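# Reading the structure
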Amino acid sequence: MLRIEALQAIYPQLEECVVVTIMGAVSAELQSLGHRPNFFYLLHAMGLASSMGLGIALSRPELPVVVFDGDGSILMNLGSLTTMARYRPKNLLHVVFDNESLLSVGGFPPATATGSDIAGMAAAAGIPHTVTVHTLEAFTDAFSTARTAGELTTIVAKVEAKGPPLFLTDLPMLENRFQFQRHLRDMRAN
Amino acid sequence: MPVSVKHSQLIYDALKSCDVRLVSALPETWLVHLIRMAEDDPEMVLVRLAKEEEGVGISAGAHLAGVKSAMLMQNHGFLASINGIVSLAHLYHIPLLMLISYRGEFGERDPWQTQGGMSTEPLLRSLGIPYDRLDDPSHVAARINKAQTLAEASLSPVALLLGRDLMWEE
């Protein structure tokens, strides 16, 4: 499965969600499918996307929050699995794209390439629902199920170590940040 | 335990009056009463962390979602948060209200706290983080209010150093 195919398959479902992504390929590929004001791309602070998603989910329990994480990123903040599990917000869906590669820095192998199991660690941390998927169909099913399950879920999607040619987009970070904040405020007004 | 309940309550009440509704924390001796107060308060969301840097992400999420937050940490937790402060809070102009227990100052008996004490203010200065001290109960409420006001106006991290004279009753 290609990550961009996975993103494309669930893209229509993201319209009503608050979305936080990690840097690099995930951010660039989601933007290539079409930016929306409810998407925030965390272009640095590796590891903190899941923490940001948790902060939003706890602050705005009425909004469905989706985090698109990566293997290298969650491995830098494994404690976040335990913090998410402790509060297990029902409105948070945590997707980890695991390509077993630190692709943006030359493809070096993270620990998932040598057997570390992120879904296993998430389950052991206490995340109520965890699943690892290898096919587009299984990913789409898992995502749709988790969206309606009303329980914190971590989906680990095994994807190929292929990304876009460029990670830079024409959306400045601060424009994204203020647009996203304003959009969340307007979602309150509605 | 000679951590001041009275002064912890002063700090907590000041946070509440600034409309802080989410607190992230990692336990340390001087913070025990503050954390308990947050836990006992139905109006407050307390997020217990595994490591303090998570708190930067949680406060950033809370800010973008329209909720005011504060971070309770020891100065070693501040040291552990620096990448998040620089590459999230500074990079994206996110306000953070950091309440940092200032271990390792004059009077410190625990040898393991001393090195972090010596690094705390030099690091705050080198990161360009405005900071002030909380030592005297009479200035607690005003300084917390002013720190919160500056954080929100500047969209930047600010720090308050909780001193031994305020937190510890010998």
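Residues numbered from 1 in each chain as written. Chains lettered and ligands numbered in written order. Predicted model: local features only at pLDDT ≥ 70, side-chain atom pairs only at ≥ 80, totals over all residues. Heavy atoms only, no water.

## Considering the pattern of salt bridges
As a working rule, side chains carrying opposite charge can pair if their charged atoms are close by. All names here are of chain B. Within the structure shown, the criterion is met by 21 salt bridges over all chains. Put simply, Glu43 and Lys16 hold a salt bridge, and the shortest N to O gap is 2.9 Å. A residue pair is termed long-range when its members are at least 10 positions apart, and Glu43 in the loop between α2 (32-40) and β2 (45-48) and Lys16 in helix α1 (residues 5-17) qualify at 27 residues. A salt bridge links Arg103 to Glu28; the shortest N-O distance between them is 3.3 Å. Here the residue Arg103 occupies a position in the loop between β4 (96-101) and α6 (114-126), and Glu28 occupies one in the loop between β1 (22-25) and α2, the gap between them amounting to 75 residues. The burial state of Arg103 is the same as that of Glu28; both residues are buried. Via salt bridges that share partners, Glu28, Arg103, Glu108, Asp110 and Arg164 belong to a single interconnected network. (Salt bridge = Lys/Arg side-chain N within 4 Å of Asp/Glu carboxyl O. Helix = DSSP H or I, 4+ residues; strand = E, 2+ residues; numbered from the N terminus. Buried < 20%, exposed > 50% of the residue type's maximum accessible area, 1.4 Å probe, protein only.)

## A few points about the sheet that holds strand β2 (residues 39-41) of chain A
All names here are of chain A. Sheet architecture is open: six strands sit in the order β2-β1-β3-β4-β6-β5, paired in parallel fashion. In this open sheet, the two edge strands, each paired with only one partner strand, are β2 and β5 (129-133). Each neighbouring strand pair of the sheet contributes to a mean axis angle of 15°, computed without reference to strand direction. In this structure, strand β3 (residues 65-70) lies alongside strand β4 (residues 92-98), joined through six bridges in parallel fashion. Each bridged residue has a counterpart across the sheet, and for Val65 the counterpart in β4 is Leu92. (Pairing = 2+ DSSP bridges. Axes fitted to C-alpha atoms, helices over the stretch in contact; angles between N-to-C directions.)

## Side note on the interface of chain A and chain B
At the junction of the two partners, chain A supplies 30 residues and chain B supplies 30 residues. Counting every contact that joins chain A to chain B gives eleven residue pairs in polar contact (both at pLDDT 80 or more). Where the side of chain A that touches chain B is concerned, the elements lending two or more residues are β2, α3 (49-59), α5 (79-87) and α8 (173-189) of chain A. In terms of residue count, α8 of chain A provides more of the side of chain A that touches chain B than any other element does, eight residues in total. By residue class, the composition of the side of chain A that touches chain B is 16 nonpolar, ten polar and four charged. (Contact = heavy atoms within 4.5 Å. Polar contact = N/O pair within 3.5 Å; in protein donor to acceptor, adjacent residues only side chain to side chain. Nonpolar A, V, L, I, M, F, W, Y, C, P; charged D, E, K, R; others polar.)

## A look at helix α3 (residues 53-64) of chain B
Residue and element names in this part refer to chain B. With twelve residues, α3 extends 17 Å between its outermost C-alpha atoms, agreeing within 8% with the 16 Å of an ideal straight helix rising 1.5 Å per residue. Among the twelve residues that make up α3, twelve are buried, leaving the element largely enclosed by the rest of the structure. For α3, the set of buried residues is Glu53, Glu54, Gly55, Val56, Gly57, Ile58, Ser59, Ala60, Gly61, Ala62, His63 and Leu64. (Expected span 1.5 Å × (residues − 1).)

## Regarding the environment of Pro12 of chain A
Residues and elements named next belong to chain A. In this structure, Pro12 sits in the loop between α1 (3-10) and β1 (18-21). When its relative accessible area of 54% is taken as the criterion, Pro12 is described as exposed. When the C-alpha positions of Pro12 and Ser50 are compared, they lie 22 Å apart, and in sequence the two are 38 residues distant.

## Considering the sheet that holds strand β3 (residues 69-74) of chain B
All names here are of chain B. The strand order across the open sheet formed by six strands is β2-β1-β3-β4-β6-β5, and the pairing between neighbours is parallel. Single-partner strands in this sheet number two, and they are β2 and β5 (131-134). When the angles between neighbouring strand axes are averaged without regard to direction, this sheet yields 20°. Two strands pair when backbone bridges link them, and β1 and β3 are joined in this way by four bridges, in the parallel orientation. Considered in β3, the bridge of Leu22 is made with Ser69. Lying over the sheet, α3 contacts β1, β2, β3 and β4, oriented at roughly 170° with respect to β3.

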